[in-house]
Amino acid sequence: MSENAATPRTEIDSSVFNPFSPEFVRAPHDTWQRMLRDYPIAWHKELQMWVVNTHELCSAILKNNVFTPNFRMWEHAPPEKPEAEKNDFDKAFDHSLFTVSQKQHLKLRKLTMPAFSKPVMGRIHGKIEDLVTECFDDIGDAEEFDVYDAIANKLPVRAIARMVGVPTDREAFFHDFAVNLIMATRPNLSPKQRDAAIEGTLPGFAFFRELIDERRARDEPGDDFLGSLVGASEDGESLDDYDILAVIFALIAAGSDTATDLHTYAIKGLLEHPDQMQKLRDNPDLMENAIIELLRHGSMGKLPFFRFASEDVDFGGERIGKGQCILVNLSAAWHDPARYPDWDQLDIERRLDGNLVFGAGAHFCIGTYLVRVQGGLMISEFLKRFPDAELANGDGDIDYDYAHHNARRINRLHVRTHQNAARQAA
Ligand code: HEM
């Protein structure tokens, strides 16, 4: 028996960490700092999961294969449906990067690599640029606009649609597919609501199956993103239809919600730090570092990422049981004073090597190129078009979607452009 098994585990409850309270969503820093100091790892009695907070422990857990993101390993996971009852959603879920075995995950990451290569992504760049220009043209010369409505809620899903080759006249259809897909994986919905959302994804899966069939029927599947997935092969292995559907599923699930917060938190961070905004205007080469630092500093996660223990294991001085759920609290880790003594400063020149903004280990983010392109184009266009912008009424009349399942989702952020004053002065 382990030494740890004899000592009582460290426990917390909602009086220490309540991710659903509006106070926490608005101002999480005291909670994170307290947990970083007093509870590097603790069992949350109400959430029924371990909460891991420090940079060191979060990094270690992401790199340790004993901890898997496979939801089916959870001790409270609902029973799997019999094979004959599975629909396209269930089958794509079975093939997902978060569900498959480690061996299968490695194979999927290898085979999907060409689709994320520089040449393929380079061709997507122009399409995203058009999209960003359209968003800002729609804002036009408005004196005030809402970053959430005008940018954050519009760009990410359409960027993924363009990435996977959805024709522009089907973007609204793709948007419905994406919304249903995200709802279908929300643990905070009732089974009835989740089933309705799953049903709503089926036309989208049928649409992509047709696109894949059409590519497979060609002599050459094409050199764009979808063609690269259809044509991928290594050591006699290739991706089947459900592997490809699962990649599209993962892009939507992991890449649309996160990028929504990227846009709001980036503009908020820059407008709250005019010195850093000026530095970025003067040195556009800092853009890539600035995006990562804006994400780190804004820390948009509420319940960031999960792992499940595949066996009983001693970790961080605690005994974690097989099947137990672990919250990898990256939002706290990004503000760990042991890693970043000046964690509350936004410094776009900060040295960020070894940061955990896009995770670590086998499941490291696959979408960093799209984040750089989408975020970089949006910020550059914003700086160019609105040189005198500021947050309306000091805080942008900020509001949050308190019911959001995993993010501190800003759903209102008003920016005053002062374009009329600038025009009159000119
Ligand atoms: C601001 C934006 C983003 C942030 C902060 C972010 C962060 C992360 C993190 C921390 C992980 C690791 C998750 C884990 O270990 O459980 C991850 C994984 C992933 N991300 Fe991102 N991400 C962002 C945008 C995107 C975009 C735009 C895409 C798609 C185009 C994307 C696709 C993925 C996928 C597919 C995975 C899973 C990879 C795997 O399991 O092998 N992400 N991301």
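Residues numbered from 1 in each chain as written. Predicted model: local features only at pLDDT ≥ 70, side-chain atom pairs only at ≥ 80, totals over all residues.

Undergrad: Kindly report on the pairing of strand S3 (residues 49–52), identifying the contributing residues and their values.
TA: Bridging between strand S2 (residues 41–44) and S3 involves four bridges; their strand directions are antiparallel. The residue bridging His44 from the neighbouring strand is Met49, located in S3. Between S2 and S3, which pair antiparallel one after the other, the connecting turn spans four residues, and Gln48 there sits at a positive phi close to 55 degrees. Sheet topology places S3 next to strand S11 (residues 325–328); three bridges connect them, and they run parallel. (Pairing = 2+ DSSP bridges. Helix = DSSP H or I, 4+ residues; strand = E, 2+ residues; numbered from the N terminus.)

Undergrad: Before we move on, could you go through the sheet that holds strand S1 (residues 11–12) and cite the residues and values that matter?
TA: Read from one edge of the open sheet, six strands run S1-S2-S3-S11-S8-S4, paired in mixed fashion. Every other strand in the sheet has two partners, leaving S1 and strand S4 (67–68) as the edge strands with one partner each. Seen against the sheet, helix H4 (residues 55–62) touches S2, S3, S4, strand S8 (305–309) and S11 and runs at an angle of roughly 125 degrees to S11. (Contact = placed C-beta atoms within 7 Å. Axes fitted to C-alpha atoms, helices over the stretch in contact; angles between N-to-C directions.)

Undergrad: I'd like a rundown of the site of the ligand, residues and numbers included.
TA: Among the 24 residues in the neighbourhood of the ligand, the closest are listed as Ala254, Gly255, Gly359, Cys365 and Gly367. Of all the secondary structure elements, the ones that give two or more residues to the shell around the ligand are helix H13 (241–255), helix H14 (257–272) and helix H18 (368–385). Of the residues belonging to the shell around the ligand, the class tally is 18 nonpolar, five polar and one charged. (Near = placed C-beta within 6 Å. Nonpolar A, V, L, I, M, F, W, Y, C, P; charged D, E, K, R; others polar.)

Undergrad: Would you mind going over the sheet that holds strand S12 (residues 390–391) in detail, with residue names and values included?
TA: If you trace the three strands from one edge of the open sheet to the other, you get S5-S15-S12, paired in antiparallel fashion. Each edge of the sheet is formed by a strand with only one pairing partner; in this case those strands are strand S5 (144–146) and S12. Looking at chain direction, S5 and strand S15 (residues 414–416) are connected through three bridges and run antiparallel. Residue pairing across strands places Phe145 opposite Val415, the latter belonging to S15.

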